[in-house]
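These are the residues of each chain, in order.
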Amino acid sequence: MILYITVAAVTALLAGMVNCRPVTQPYRRTRQQMCNRVCLFAVFLILFALSACRLNVGNDYAKYVEFMHLVNCNAYVPTEIGFNLLVKLIYGLSGFENYLLVFAVYALATVGIFMLAMYEQSEDFPLTFFLFMALGYYFQTFSTVRYYLALALALYSMKFVLRRQWGRFVVLILLGSSFHKSLLVVIPLYVLAVLPWKKWQLVLGGLFCTTFLFCQDFYLKLVILLYPTYEDTEYLEGGTSYINILRCLAVLLFAGIVYFAGKRRQDGGNGASVETKDAEHFYFYLNLGALVLYVFCSFLPIISRIGYYLTVSHIFYLPLLLARIEDRKWRRLFRGGILLAAVLYFAVYMSRADNDGTLILPYQTFFFHDMVNILSDVN
C-alpha cells in the first residue's frame, strides 16, 4: 500500500507542474512546454513501469494468462478478436507464451491513451490527473485489462463527440470494441448525452426508464445476446453501487449550485464559450444517465461497466465546473472539498485493495516472484 500511495503522491506532484494550456511562441519552445514534456513523460514512465512489471496483481491476472494460453492453442475463449490477434502476434514474435509482454503492451496503450485524453481535453490537467488517481481508475487497470483499454478509448472519444466528428468517433469505438465489445454501448449513450433535450423529452425518457422495473427479463435476454457466456452463471446476478449513486448525486448538486449562481448574476451562464457550454451539457447528461442506470438498472450484470463509461467524465466535468465559479474564495473552497472527497475515496479504495474483486495487494513483480499455476497447468 505504501508503494501505491507513494506513486499516487509523486505522480500527482509532477502533474501539478503541467499546464495543459501553455502560451506558445512561433518556432520556439517555452520553458512551460519543456516542463510539460518532462513531467508528462516522467508520470507516464512511472505508471507504465508499475503496471508492466507486476505479476499476478489484479483479480483476474491468472485468468487472463489462461485465456492467452488457450488462444495460443487455438482453443475457444470468450475474448474478442482484437485481444486474440494481439496475443497470437506477441506469442508468435516471442517464440514462447510471453504473457508479460502482452500485459506490458496493454499497460502502454491504456496509460498512454488515458494521459493523452486528459492532457488534450481537461480544463485543469493537475486536478483531472489527481481525480484519475484518487478515484482508482489507474489502479483498476490492473484488472480487466481489456475493459480498461476500452474505457481509455471511450474517454478519448469524447472530444470527437463534442466536435461532432461522428466518423472518427464511430471508427474509434468500433476499433476499441474489438478488444471489449461492451464499448459499443457508448455510441447510443454518448449521442443521447449530446442531444439538446427538451423538458417534454426528459419526461418521456423518465417514463421509458420505468420499463427497466417491469421488463427485467426482456433486458436480461438482450444482455445474454451480447454476452452469451453469461447464461446460467453467477455473472447474471445484478447489483448496484451506492457509492457511485452518491457520487453522481454530489456532482449533480455541485452542477446545480454553479448553474444557479450564474443565473443570479443575471448572465445565465452566457459568459461561457460555445465549446464550454457544449461540454457542460454533455458531461451533465452523462452523469444524469449514469445515475438513472445505477438506480433503475441494478438488475443488469454489466451495469458497473456501462456506468463507468459515463462516470469517467467526472474527471473532466468537475474541473470545468470549478472554472465557471468566478468568485476566487468560493472556487478555492469547492476545490478543497473536491480534493478532500477524492482523498477519502482513495483511502476507502486502498483499504479494500486486497479484497476479492480488486486484489491489487500485495504488489508483486516478475523480478522477484514466480507466476502461480494456471488452470491448464493444474489439469
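Residues numbered from 1 in each chain as written. Predicted model: local features only at pLDDT ≥ 70, side-chain atom pairs only at ≥ 80, totals over all residues. Heavy atoms only, no water.

So, the overall build of the protein chain
Here comes step 1: When you go through the protein chain residue by residue, the secondary structure sums to 19 helices and zero strands.
Here comes step 2: Relative to its full complement of 379 residues, the protein chain shows a buried share of 47%.
Here comes step 3: Considering only contacts within the protein chain whose residues lie at least 6 apart along the sequence, 76% involve residues at least 24 apart.
Here comes step 4: About 19,300 Å² of surface is accessible on the protein chain, with carbon and sulfur atoms providing 65% of the total. (Helix = DSSP H or I, 4+ residues; strand = E, 2+ residues; numbered from the N terminus. Buried < 20%, exposed > 50% of the residue type's maximum accessible area, 1.4 Å probe, protein only. Contact = heavy atoms within 4.5 Å. Areas by Shrake-Rupley, 256 points an atom, 1.4 Å probe, with all protein chains shown as cover.)

Some remarks on the packing of aromatic side chains
Here comes step 1: Tallied over the entire structure, the rule returns 33 aromatic pairs.
Here comes step 2: Pairing Y64 with F67 gives two aromatic rings, centres 6.1 Å apart and planes at 85°, and the pair type is edge-to-face. Of this pair, Y64 and F67 both sit in helix α3 (residues 61–72), three residues apart, which is roughly one turn of that helix.
Here comes step 3: Judged by relative accessible area, which is 3%, Y64 ranks as buried.
Here comes step 4: According to the relative accessible area criterion, F67 is buried, its value standing at 16%.
Here comes step 5: Pairing F169 with Y190 gives two aromatic rings, centres 6.2 Å apart and planes at 25°, and the pair type is stacked. With a gap of 21 residues between them, F169 in helix α9 (residues 166–177) and Y190 in helix α10 (residues 186–194) connect regions that are remote in the sequence. (Phe/Tyr/Trp six-rings, centres within 6.5 Å; stacked < 30°, edge-to-face > 60°.)

Structural notes on the nonpolar core
Here comes step 1: Ranked by internal contacts, the top residues of the largest apolar core, which has 123 residues, are M118, F139, Y190 and Y309.
Here comes step 2: If one sorts the elements of this core by residue count, helix α8 (residues 145–162) sits on top with 14 residues.
Here comes step 3: In contact with M118, other than residues within four places in its own chain, are F125, T128, F129, F132, L155, I315 and F316. (Core = buried A, V, L, I, M, F, W, Y, C linked by side-chain atoms within 4.5 Å.)

Observations concerning the layout of surface pockets
One water molecule sets the probe size; rolling that probe over the atoms shows where empty space is left.
Here comes step 1: Here the second largest pocket defines a volume of roughly 930 Å³.
Here comes step 2: Lining the second largest pocket are 27 residues, with L189, L192, F208, F212 and L293 sitting closest to its centre.
Here comes step 3: Put simply, the parts of the chain that give the lining of the second largest pocket at least two residues each are α10, α11 (199–209), α13 (216–226), α15 (274–296) and α16 (303–311).
Here comes step 4: Here the lining of the second largest pocket is composed, by residue class, of 24 nonpolar, three polar and no charged. (1 Å grid on protein atoms, 1.4 Å probe; cavity = no way out; pocket = protein on both sides within 12 Å on 5 of 7 lines; lining within 4 Å. Points joined across faces, edges and corners; volume = space filled by probe spheres on them. Nonpolar A, V, L, I, M, F, W, Y, C, P; charged D, E, K, R; others polar.)

Comments concerning the state of the cysteines
Disulfides are covalent bonds that connect the sulfur atoms of two cysteines.
Here comes step 1: Under the counting rule described, the total for this entry stands at zero disulfides.
Here comes step 2: No disulfide involves C297; its nearest neighbouring cysteine sulfur is the one of C209, lying 7.0 Å away. (Disulfide = S-S within 2.5 Å.)

Re the side chain of T276
Here comes step 1: The residue T276 is located in helix α15 in this model.
Here comes step 2: Owing to a relative accessible area of 19%, T276 belongs among the buried residues under this scheme.

Some words on α3
Here comes step 1: Relative to the 16 Å expected for 12 residues at 1.5 Å per residue, α3 spans 17 Å between its end C-alpha atoms, a close match to the ideal helical length.
Here comes step 2: By the burial criterion, the buried members of α3 are Y61, Y64, V65, E66, F67, M68, H69 and V71.
Here comes step 3: Looking one or two residues past α3, N74 carries a phi angle of roughly 60°, positive in sign. (Expected span 1.5 Å × (residues − 1).)

As for empty space enclosed by the protein
Here comes step 1: Counting across every chain of the model gives one cavity of 30 Å³ or more.
Here comes step 2: The space that makes up the largest cavity amounts to roughly 50 Å³.
Here comes step 3: Looking at which element gives the most residues to the lining of the largest cavity, the answer is helix α5 (residues 99–121), with five residues.
Here comes step 4: Of the residues contributing to the lining of the largest cavity, the split by class is five nonpolar, three polar and one charged.

Here we look at the packing of α5 against α8
Here comes step 1: For the pair α5 and α8, the least separation of the axes is 9 Å and the interaxial angle reads 25°. The pairing of α5 with α8 is recorded here as roughly parallel in orientation. As for how α5 packs across α8, the hand of that crossing is left-handed. Contacts from F103, Y106, A109, T110, I113, F114, L116, A117, M118, E120 and Q121 of α5 reach α8 at V145, R146, Y148, L149, L151, A152, L153, L155, Y156, M158 and K159.
Here comes step 2: A class-by-class count of the residues in the contact of α5 with α8 yields 17 nonpolar, two polar and three charged. (Axes fitted to C-alpha atoms, helices over the stretch in contact; angles between N-to-C directions. Parallel < 35°, antiparallel > 145°, perpendicular 65-115°, else oblique. Left-handed = near helix turned anticlockwise from the far one by under 90°.)

Things to note about the pattern of salt bridges
Here comes step 1: Evaluation of the coordinates by the stated rule reveals four salt bridges.
Here comes step 2: Between E280 and R324 there is a salt bridge whose closest N-O contact spans 2.9 Å. Remark: R324 occurs in the loop between α17 (314–323) and α18 (328–351) and E280 occurs in helix α15; sequence separation between them is 44 residues.
Here comes step 3: Judged by relative accessible area, which is 17%, R324 ranks as buried. (Salt bridge = Lys/Arg side-chain N within 4 Å of Asp/Glu carboxyl O.)

Overview of α16
Here comes step 1: Burial of α16 is extensive: seven of the nine residues sit out of reach of the surface.
Here comes step 2: Buried residues of α16: I303, I306, G307, Y308, Y309, L310 and T311, and no others.

Some remarks on the packing of helix α2 (residues 31–52) against α5
Here comes step 1: At their nearest, the axes of α2 and α5 sit 9 Å apart, and the two run at 145° to each other. The interaxial crossing formed by α2 with α5 has right-handed handedness. Residues N36, L40, V43, F44, L47, F48, S51 and A52 of α2 touch α5, and the partners they reach there are A104, A107, L108, V111, G112, M115 and Y119.
Here comes step 2: Residue composition of the contact of α2 with α5, grouped by class: 12 nonpolar, three polar and no charged.

Fair warning: the whole summary comes from geometry, so function is off the table for now.
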